[in-house]
Structure formats: C-alpha cells, structure tokens
Amino acid sequence: MATFFYAVLGICGTLYPGWWKRFLKFPPPPPDPEPWWYIGAIAIGAIAGLAGGILFQGKIEHDQLFAGQTAIASGLVAFASASLVTGIATSLKR
C-alpha cells in the first residue's frame, strides 16, 4: 500500500510547479504538438516519487526522530523528489 501511496504522490508532484498558469493565458495557447510528453512526465513523476519514498522510508524506518510518522515523512519526500525530477526534465525539454 505504501508503494501505491508514493506513486500517487509522485504523480501529484508532477504538474505542481506552475500548472495553473496555462489557465490564465488569454487567448488560450494552441494545442501542444507533442501531447505524449505529458504522459511521459507523469510516468517519470510516478517513478521518481516511488523511488524517493521507498529509499527515504528505508533510511528512517528505525530512526526515533520519525517514530510514528514514517509514511507522512516518506510521502513528503516522494512528492518533493517527483517535483524536482520532473521540473528538471521539463526544463530540459525546452
């Protein structure tokens, strides 16, 4: 269940930086000529979130500082790692 949680948080972290700015443009921008990139970015975000969450959970599993909050802390790391990786990947796309 934790792996699904990390993957979902990775997907949520994918479109976070500035996804809402496209709704404020008037007139709306033309459609993207390569719409497959969104699917690729979502897949990259899910993989990055899964990797970040699992690796961080393995590091803090027996640490007293994170006692009882392992899932919450690992979920935040999954979200942040997906946001960071997809932010770098989308900046390299341009």
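Residues numbered from 1 in each chain as written. Predicted model: local features only at pLDDT ≥ 70, side-chain atom pairs only at ≥ 80, totals over all residues. Heavy atoms only, no water.

Describing the confidence of the model for the chain
When pLDDT is averaged along the chain, the result is 84, and 91% of the positions lie at 70 or above. Ranking the helices and strands of the chain by mean pLDDT puts helix α2 (residues 36-60) first, with 90, and helix α3 (residues 70-93) last, with 88. (pLDDT = per-residue confidence, 0-100. Helix = DSSP H or I, 4+ residues; strand = E, 2+ residues; numbered from the N terminus.)

A look at the side chain of Ser-81
One can find Ser-81 in helix α3. At a separation of 3.2 Å, a polar atom in the side chain of Ser-81 contacts the main-chain carbonyl oxygen of Ala-48. Other than its neighbours up to four places away in sequence, Ser-81 contacts Ala-48, Gly-49 and Gly-52. (Polar contact = N/O pair within 3.5 Å; in protein donor to acceptor, adjacent residues only side chain to side chain. Contact = heavy atoms within 4.5 Å.)

Looking at the packing of aromatic side chains
Considering all chains together, one arrives at three aromatic pairs under this definition. Ring centres of Trp-36 and Trp-37 lie 6.1 Å apart, and the angle between their planes is 85°; this geometry places the pair in the edge-to-face category. On the accessibility criterion, Trp-37 (16% relative accessible area) is buried. Measuring from centroid to centroid gives 5.9 Å for Phe-56 and Phe-66, while their planes differ by 80°, and the two rings are edge-to-face. Of the two residues, Phe-56 is situated in helix α2 and Phe-66 in the loop between α2 and α3; the sequence distance between them amounts to 10 residues. Phe-66 gets classed as partly exposed once you look at its relative accessible area, which sits at 23%. (Phe/Tyr/Trp six-rings, centres within 6.5 Å; stacked < 30°, edge-to-face > 60°. Buried < 20%, exposed > 50% of the residue type's maximum accessible area, 1.4 Å probe, protein only.)

Quick look at the packing of α2 against α3
Where α2 contacts α3, the two axes come as close as 7 Å, and the packing angle between them is 145°. Here α2 and α3 pass one another in a crossing that is right-handed. Contacts between α2 and α3 involve Trp-37, Ala-41, Ile-44, Gly-45, Ala-48, Gly-49, Gly-52, Gly-53, Phe-56, Gln-57 and Ile-60 from the first element and Thr-70, Ala-73, Ser-74, Val-77, Ala-78, Ser-81, Ala-82, Val-85, Thr-86, Ala-89, Thr-90 and Lys-93 from the second. A per-class count over the contact of α2 with α3 returns 12 nonpolar, 10 polar and one charged. (Axes fitted to C-alpha atoms, helices over the stretch in contact; angles between N-to-C directions. Left-handed = near helix turned anticlockwise from the far one by under 90°. Nonpolar A, V, L, I, M, F, W, Y, C, P; charged D, E, K, R; others polar.)

Observations regarding the environment of Ala-43
With respect to the secondary-structure elements, Ala-43 resides in helix α2. Placed 38 residues apart in sequence, Ala-43 and Ser-81 show a C-alpha to C-alpha distance of 13 Å.

Describing α2
Taking 1.5 Å per residue as the helical rise, α2 with its 25 residues ought to reach 36 Å, and the 36 Å between its terminal C-alpha atoms agrees with that figure. Taken as a whole, α2 has its buried residues at Trp-37, Ala-41, Gly-45, Ala-46, Ala-48, Gly-49, Gly-52, Gly-53 and Ile-60. Considering only its buried residues, α2 is in contact with α1 (2-12) and α3. (Expected span 1.5 Å × (residues − 1).)

Re the environment of Gly-40
Residue position: Gly-40 is located in helix α2. On the accessibility criterion, Gly-40 (24% relative accessible area) is partly exposed. Taking C-alpha positions, Gly-40 is 9.8 Å from Thr-86, a pair spaced 46 residues apart along the chain.

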